[in-house]
Amino acid sequence: MAGGNDDALRLDARHALSTRRAALMRMGAIGLAAVFVGRGVRAAETHPGDPNTGYHKLAVTAKDYAFELPRRVPAGHTEITLRNEGSEEHHAMFMRLNTGTTTADFMRAAKQQDIAALFAISSSIGGPGSVDHGQASTVIINLLPGAYVVICIVPDAQGMPHYKMGMLAALTVTEAAHAEDAPAADLTIDLVDFAFDQLPRQIRGGQHLWKVLDTGAQLHEMVLNRLAPGVSFEQAKAILMAPPTKPTAATGADASSATAHAAPFTAVAGVAPMNPASVNWAVLNLADGDYFAVCYVPDPKTGRPHFDLGMIAPFSVTS
Ligand SMILES: [Cu+2]
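Cut-offs used in this document
Residue indices begin from 1 for each chain and proceed along its sequence in written order. Local features in a predicted model are, by the rule used here, given only for residues with pLDDT of at least 70; side-chain atom pairs are given and counted only at 80 or more, and totals for whole chains, interfaces and linings are based on all residues. Based on all heavy atoms of the structure, the side-chain values leave hydrogens and waters out of the count. Following DSSP output, two strands are said to pair if at least two bridges run between them. Counting from the N terminus, the helices are DSSP H or I runs at least four residues long and the strands are E runs at least two residues long. Between the N-to-C directions of two axes lies an angle of 0 to 180 degrees, each axis being a line fitted to C-alpha atoms and, for a helix, fitted only over the stretch in contact. Metal sites are built from N, O and S donor atoms within 2.8 Å, or 3.2 Å for Na, K and Ca, and they leave out water, so they may look incomplete. By the criteria applied here, four donors are tetrahedral when all angles lie between 85 and 135 degrees, four are square planar and six octahedral when opposite donors are over 155 degrees apart and every other angle lies between 65 and 115, and any other arrangement is irregular. Relative accessibility decides the category of a residue: with a 1.4 Å probe and only protein chains considered, values under 20% of the type maximum give buried, values over 50% give exposed, and everything between is partly exposed. Working definition: a ring pair exists when centres of Phe, Tyr or Trp rings (six-membered ring for Trp) sit within 6.5 Å. Plane angles under 30 degrees give stacked, over 60 give edge-to-face, the rest tilted. Throughout, the arc means that of the directions going from the helix axis to the C-beta atoms. Think of a polar contact as two N or O atoms within 3.5 Å of one another; within protein, one of them needs to be a possible hydrogen donor and the other a possible acceptor, and neighboring residues in sequence only count if both atoms come from side chains. Nonpolar core, defined: a set of buried Ala, Val, Leu, Ile, Met, Phe, Trp, Tyr and Cys residues in which side-chain atoms within 4.5 Å join the residues together. Residues count as neighbours in contact if any of their non-hydrogen atoms are within 4.5 Å of one another. Per-residue confidence from the predictor is reported as pLDDT, which spans 0 to 100. Within this document, salt bridges are pairs made up of a side-chain nitrogen of Lys or Arg and a carboxyl oxygen of Asp or Glu, the two lying within 4 Å of each other.

*Asks:* Looking at this structure, I do not really get the sheet that holds strand β10 (residues 187–192). What am I missing?
*Replies:* Note on sheets: strands pair through backbone hydrogen bonds, and any given pair is parallel or antiparallel. On the basis of which strands lie adjacent, the open sheet formed by eight strands has the order β2-β1-β4-β7-β16-β13-β10-β11 and mixed pairing. For this open sheet the edge positions go to β2 (66–68) and β11 (195–197), each flanked by a neighbour on one side alone. Ignoring strand direction, the axes of neighbouring strands in this sheet form an average angle of 25 degrees. Note: strand β1 (residues 56–63) against β2, three bridges, orientation antiparallel. Bridged to Lys 63 within β2 is Ala 66.

*Asks:* Hey, could you run me through the coordination of the copper ion in this one?
*Replies:* Put simply, the ideal angle at a metal is 109.5 degrees for four donors in tetrahedral geometry and 90 or 180 degrees for six donors in octahedral geometry. Listed as protein donors to the copper ion are His 220 (ND1), Cys 295 (SG), His 306 (ND1) and Met 311 (SD); their distances from the metal cover 2.0 to 2.6 Å. Considering all four donor atoms around the copper ion, angles at the metal cover 88 to 142 degrees and the coordination shape is irregular. When its relative accessible area of 0% is taken as the criterion, His 220 is described as buried.

*Asks:* Can you help me understand the environment of Pro 298 in this one?
*Replies:* Here Pro 298 lies in the loop between β17 (289–294) and β18 (312–318). Placed 78 residues apart in sequence, Pro 298 and His 220 show a C-alpha to C-alpha distance of 9.1 Å.

*Asks:* Can you help me understand the pairing of strand β8 (residues 146–151) in this one?
*Replies:* Two faces, one strand: in a regular strand the side chains alternate between the faces of the sheet. As defined by bridge partners, strand β5 (residues 93–97) adjoins β8 across four bridges and the pair is classed as antiparallel. If you follow Arg 96 over to β8, its bridge partner there is Tyr 148. Summarising the sheet, β8 and strand β9 (residues 168–174) pair through six bridges and their orientation is antiparallel. Residue Val 150 lies in a different strand from β9, and its bridge partner there is Ala 169.

*Asks:* Looking at this structure, I do not really get the packing of aromatic side chains. What am I missing?
*Replies:* Two descriptors summarise a pair of aromatic rings, namely the distance from one centre to the other and the angle between the planes of the rings. Under the criterion given, the structure shown has five aromatic pairs. Centroid distance Phe 233 to Phe 292: 5.9 Å. Interplanar angle 55 degrees. Geometry classified as tilted. Of this pair, Phe 233 sits in helix α4 (residues 233–241) while Phe 292 sits in strand β17; the two residues are 59 residues apart in sequence, bridging distant segments of the chain. The same class applies to Phe 233 as to Phe 292, namely buried. The interplanar angle of 80 degrees and the centroid separation of 5.8 Å between the aromatic rings of Tyr 296 and Phe 307 together place this pair among those described as edge-to-face. One end of the pair, Tyr 296, is in the loop between β17 and β18; the other, Phe 307, is in the loop between β17 and β18, and eleven residues separate them in sequence. Given the relative accessible area of 0%, Tyr 296 is considered buried. Residue Phe 307 is classed as buried on the basis of its relative accessible area, which comes to 1%. Taken together through their ring pairs, the aromatic side chains of Trp 210, Tyr 291 and Phe 315 make up a single cluster.

*Asks:* What exactly am I supposed to notice about α4 here?
*Replies:* One turn of an α-helix holds 3.6 residues; hence residues three or four places apart share an orientation. Residues of α4 that are buried: Phe 233, Gln 235, Ala 236, Ile 239 and Leu 240. The arc that holds every buried residue of α4, seen down its axis, measures 165 degrees, which confines them to one face.

*Asks:* How should the environment of Asp 132 be read in this particular structure?
*Replies:* Along the chain, Asp 132 turns up in the loop between β6 (122–124) and β7 (136–143). A relative accessible area of 1% places Asp 132 in the buried class. With 49 residues separating them along the chain, Asp 132 and Arg 83 place their C-alpha atoms 9.3 Å apart. Separated by 2.7 Å, the side chain of Asp 132 and the backbone nitrogen of Ala 267 make a polar contact.

*Asks:* Would you mind going over the nonpolar core with me for this structure?
*Replies:* In a soluble, globular protein the nonpolar side chains are often hidden away together inside. Ranked by size, the top nonpolar core spans 50 residues in total, and within it Phe 67, Phe 94, Phe 196, Trp 210, Met 222 and Phe 315 carry the most contacts. If sequence neighbours within four positions are ignored, Phe 196 has contacts with Ile 189, Asp 190, Leu 191, Glu 221, Met 222, Ala 293, Val 294, Cys 295, Met 311, Ile 312 and Ala 313. One finds Ala 110, Ala 117, Val 149 and Ala 272 within the second-largest nonpolar core, a separate group that totals 15 residues.

*Asks:* Before we go on, may I ask you to explain the confidence of the model for the protein chain in this structure?
*Replies:* For residues with low pLDDT, the predicted coordinates do not support detailed interpretation. Looking at the protein chain as a whole, the pLDDT averages 84, with 77% of positions reaching at least 70. Here residues 248–260 scores under 50 on pLDDT; set against residues more than four positions off or in separate chains, the count is ten contacts.

*Asks:* Sorry, what's going on with unusual backbone geometry here?
*Replies:* In this chain, Asp 64 is followed by Tyr 65 through a cis amide linkage whose omega measures 0 degrees. Assignment of secondary structure puts Tyr 65 in the loop between β1 and β2. That bond from Asp 193 to Phe 194 is cis: its omega, 5 degrees, falls within 30 degrees of zero. Even without glycine at this site, Gln 198 takes up a positive phi of about 75 degrees.

*Asks:* I tried to follow the pattern of salt bridges on my own but got confused; where do I start?
*Replies:* Pairing is possible between side chains of opposite charge, provided their charged atoms come close. By the definition in use, this model includes four salt bridges. Note that Lys 57 is salt-bridged to Glu 79, the shortest N-O span being 3.4 Å. Of this pair, Lys 57 sits in strand β1 while Glu 79 sits in strand β4 (residues 76–84), placing them 22 residues apart in sequence. Classification of Lys 57 by relative accessible area gives partly exposed; the value is 39%. Arg 108 is the salt-bridge partner of Asp 105, the closest N and O atoms lying 2.7 Å from each other. Placement of both Asp 105 and Arg 108 in helix α2 (residues 103–109) is noted, with a separation of three residues, approximately one turn of the helix. Salt bridges linked by common partners bring Lys 63, Glu 68 and Glu 85 together as one network.

If you want it as structure tokens, here you go:
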């Protein structure tokens, strides 16, 4: 890529990203333990058809700003697909309510400024990871009976987490009606503080089933971004690492104009932020290309996103 285009690309993307990153840093400063930075500008892309793993299916649709999903599902290993029909990036985090916590308690806690209020009464078992507009992500999770609320904590350009704008939906998981075995994974990835352990640099194209475990002490996610042709991992990393720009009245306009340009990378699959000891199986159908895995969850101590601490890694897919 020519130097001029390169600079323009970096500048455009940085505006969009740094706005959300700046929002994250502000939230970190007021004690939010788990909200994380927004990311890449979007690009329309087709997504692969429904995977067919043979597991019970749960379809979730994300819009700006709402979820559509059934109110009740049976327990057991479940293939959960999130389709993003919104314009912003979204994920579906499955928050399992603690014993004694009601959905009404959760909805009240969601009105508090600090997301820590949610983690005091529930924990995330993961879910389909963040994807951009037009993309779909699929995971298999062993759903235990109980009360859940599905939320999106990706922030908008002003730093408002989407769950505060309507992206939260109650779900009841009823006693098991089906009891399949756990899926057989072709790869196991540990989310540790702060790395993607055992993520290979080279992956064969096509269908994959990755077992993803949070073996760390913090909340972690794995977002798989596909780099646009001609964009390098180093460029993408530089965009993410760029220091936040000062929020100004013009920043919002800059961010939206930047999205009119080609995206340097697109979120195509992954697993949502999950509490330690959670297990998700990511159902993947990867086209050839260059990718990177990233975790945007902030470290509660420093407020720095995990990718700043090492949780970002490139890989390539070739058939
Ligand atoms: Cu992380």
